[in-house]
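# Structural description and commentary
Chain residues, written in single-letter form:
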Amino acid sequence: MRPWVKSTSVTARYVQLVISCTVLGVGVALLLKSRMGSDGYSTLVSGLTLQTGWPFWFMNIVVGAVFVGVAWMRGRKPGPGTLVQWFLVGTVISYGLDVVPDIESMAVRFLALCAALVLMSIGVAGYLASDTGAGPAEAMALSWDPPLPFRWSYSILQAVAAVLGWLMGASAGLGTVLVFVLMGPAVDLVRRRWTILEFPTRVEHHSA
């Protein structure tokens, strides 16, 4: 018998974290460029921004801190990946919105929306699989698993956040609905099918 670990490289974990968060940021930028609504978390932040008059970036930090704090109280400890996801994704989104031109064609906007959903699912799945800590929305959803599996807790969280943001005046659209309907199951599917992304949290033992 000898210890066998699929991958324990700290460097590999953080490379996957950074790449995945970059992919996630590009996906969110495309979602916003499609002009068909944003994810539920961002819709909530937008609604609170409208109600308080505080800048979006500041409100994003406040909401993120609350989500991470609640998740921590429920046993989901933050990690280095929490901060990387929190700030890197926002940076990539800002850069992406500057680089990607505005899209006028409805067909192209729909294609951008579809691409966004795929990239966001892969990005979230990849950074969670690095096991370095979850960002605000994912940490909150994971803190309810159990009793609710992540694929449902994440969808419910996005849906509730979207409705609250919409009630406070934020805009919502087809993209908002598709995010809370599809993202949870899609992230779960990517992690189950692409097991190469997963980093084990303990050493397993197999026969030589």
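Residues numbered from 1 in each chain as written. Predicted model: local features only at pLDDT ≥ 70, side-chain atom pairs only at ≥ 80, totals over all residues. Heavy atoms only, no water.

### Thoughts on the confidence of the model for the protein chain
Mean pLDDT over the protein chain: 89, with 92% of residues reaching 70 or higher. Counted against residues more than four places away or in other chains, residues 1-7, with its pLDDT under 50, gives 20 contacts. Confidence drops under a pLDDT of 50 for residues 202-208, and excluding neighbours within four residues, the segment shows 12 contacts in the predicted structure. (pLDDT = per-residue confidence, 0-100. Contact = heavy atoms within 4.5 Å.)

### Points about the packing of helix 5 (residues 106-129) against helix 8 (residues 174-193)
At their nearest, the axes of helix 5 and helix 8 sit 9 Å apart, and the two run at 40° to each other. By the criterion of interaxial angle, the relationship of helix 5 to helix 8 is oblique. In the packing of helix 5 onto helix 8, the handedness of the crossing is right-handed. Contacts between helix 5 and helix 8 involve Phe 110, Leu 113, Leu 117, Met 120, Ser 121, Val 124, Ala 125, Leu 128 and Ala 129 from the former and Leu 174, Gly 175, Leu 178, Val 179, Leu 182, Met 183, Ala 186, Val 187, Val 190 and Arg 191 from the latter. Class assignment for the residues of the contact of helix 5 with helix 8 results in 16 nonpolar, 2 polar and 1 charged. (Axes fitted to C-alpha atoms, helices over the stretch in contact; angles between N-to-C directions. Helix = DSSP H or I, 4+ residues; strand = E, 2+ residues; numbered from the N terminus. Parallel < 35°, antiparallel > 145°, perpendicular 65-115°, else oblique. Left-handed = near helix turned anticlockwise from the far one by under 90°. Nonpolar A, V, L, I, M, F, W, Y, C, P; charged D, E, K, R; others polar.)

### Here's the deal with the nonpolar core
Counting residues in each nonpolar core, the largest one holds 41 residues, and the members touching the most others are Met 120, Val 124, Tyr 127 and Leu 128. At the level of elements, helix 1 (10-33), helix 2 (40-52), helix 3 (56-73), helix 4 (80-99), helix 5, helix 6 (136-142), helix 7 (150-167) and helix 8 are the ones that each hand at least two residues to this core. At 9 residues, the largest contribution of residues to this core is made by helix 5. Beyond its immediate sequence surroundings of up to four residues, Leu 128 is in contact with Ala 134, Glu 138, Leu 142, Phe 150, Val 187 and Arg 191. (Core = buried A, V, L, I, M, F, W, Y, C linked by side-chain atoms within 4.5 Å. Buried < 20%, exposed > 50% of the residue type's maximum accessible area, 1.4 Å probe, protein only.)

### Here we look at the environment of Phe 87
The topology assignment puts Phe 87 in helix 4. With relative accessibility at 45%, the residue Phe 87 sits in the partly exposed group. The spatial distance from the C-alpha of Phe 87 to the C-alpha of Ser 46 is 17 Å, given a sequence separation of 41 residues.

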